[in-house]
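Observations on the model geometry
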Amino acid sequence: MNVEKSMKETHAIIDGMEFALLYDYDRPKLHMLSDEGKIEWFRLRMMSLYITPLGFIFDESSDKFEMFNNDNMTTKMVPDFWAFNITAFSALLNGMETFGAFMRPRFNNYNQKENQENFHRFLRRYMGEWDQEVIISGSKEKKLWKILWINFRNCLAHGLRIKNGGVENKKMEVPYEIINGLVQVNPIRFYSDLKTGIKQYFFDIRFDDSKRKLFLKAFKYFFPY
């Protein structure tokens, strides 16, 4: 008689225990992890569910890169035309907000304003080149991070559209351009900068006691056990 497994397949061994890196399966064992183990569980989880999959869309070295956006500035008609970079960019921005939330000093006022600050917190600390001022058409807002939050993150999350801007693959050395008064973000560069920032974040929480304490506080909040 076949007995259904109660545990998802093992994807990581941490502190000598098997983990699926999925919260609903791993929750009963999270309390047994050391502080280092919790950092490693979160790191491997975000690599597996976020960084690596998005790399197929935004990392030019990926063998899947061309599969997800096949227009390449040529004319193709549906159903032979598809593009996933706008949808994937929405996931990219939301994930960045998640990392900012793990840097929060408190969790007693979770609201839209705090979500915005989570977004800016990570960008300000780990993606400083994007914390600039720009001028775009039809807007008094000059802070690039807030334009990314309002016109990109929010509009994508609630309407799968970008207001007063767009995403367009460019050479790595070009982070963004202002074209016809609109922000054109290079998602390839944004992904690369975010990936570098996340790597630095994990270095910080391993070796900086104050940042580690914030992480562990957030870990217990987001992954109660």
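Preceding block: the structure.
Starting from 1, residues in each chain are numbered consecutively following that chain's sequence as written. Local features in this predicted model are restricted to residues of pLDDT 70 or higher, and side-chain atom pairs are both shown and tallied only at a pLDDT of 80 or more, whereas totals for entire chains, interfaces and linings draw on every residue. Calculation of side-chain values draws on the structure's entire complement of heavy atoms; hydrogens and water are dropped beforehand.

Points about the overall build of the protein chain
- Each helix and strand in the protein chain was counted, giving seven helices and five strands.
- Helix and strand assignments come from DSSP, with helices taken as H or I runs of at least 4 residues and strands as E runs of at least 2, each series counted from the N terminus. Shown N-terminal to C-terminal, the secondary structure of the protein chain runs as helices and strands in the order β-β-α-α-α-α-α-β-β-β-α-α.
- Dimensions of the protein chain along its principal axes, counting C-alpha atoms only, are 60 × 45 × 30 Å.
- A simple rule labels every residue: compare its accessible area, found with a 1.4 Å probe on the protein chains alone, to the largest value its type can have, and call it buried under 20%, exposed over 50%, or partly exposed in between. Residues classed as buried in the protein chain amount to 44% of the 225 residues present.

Thoughts on the pairing of strand 5 (residues 182–185)
- The pairing of strand 3 (residues 165–167) with strand 5 spans three bridges and is classified as parallel. From the neighbouring strand, Gly165 faces strand 5, where its bridge partner is Val183.
- Here, a strand pair is defined by DSSP locating no fewer than two bridges between the strands. Judged from the four bridges that link them, strand 4 (residues 176–179) and strand 5 form a sheet pairing that is antiparallel. Looking at the pairing, Ile178 lines up with Val183 of strand 5.
- With antiparallel pairing between neighbouring strands as the criterion, strand 4 and strand 5 make up a hairpin whose turn holds two residues, including Asn180 at a positive phi of roughly 55°.

Describing the environment of Thr196
- Mapped onto the secondary structure, Thr196 falls in helix 6 (residues 187–207).
- Judged by relative accessible area, which is 53%, Thr196 ranks as exposed.
- Taking the C-alpha atoms as reference, Thr196 lies 8.1 Å from Tyr126; in sequence the two are 70 residues apart.

Describing the environment of Lys170
- Relative to the helices and strands, Lys170 resides in the loop between strand 3 and strand 4.
- Lys170 gets classed as buried once you look at its relative accessible area, which sits at 14%.
- Residues Lys170 and Gln184, 14 residues apart in the sequence, show an inter-C-alpha distance of 9.6 Å.
- Contact partners of Lys170, with chain neighbours within four places excluded, come to Glu177, Ile179, Gln184, Asn186 and Ile188. Residue contacts are defined here by distance: any two heavy atoms, one from each residue, within 4.5 Å place the two residues in contact.

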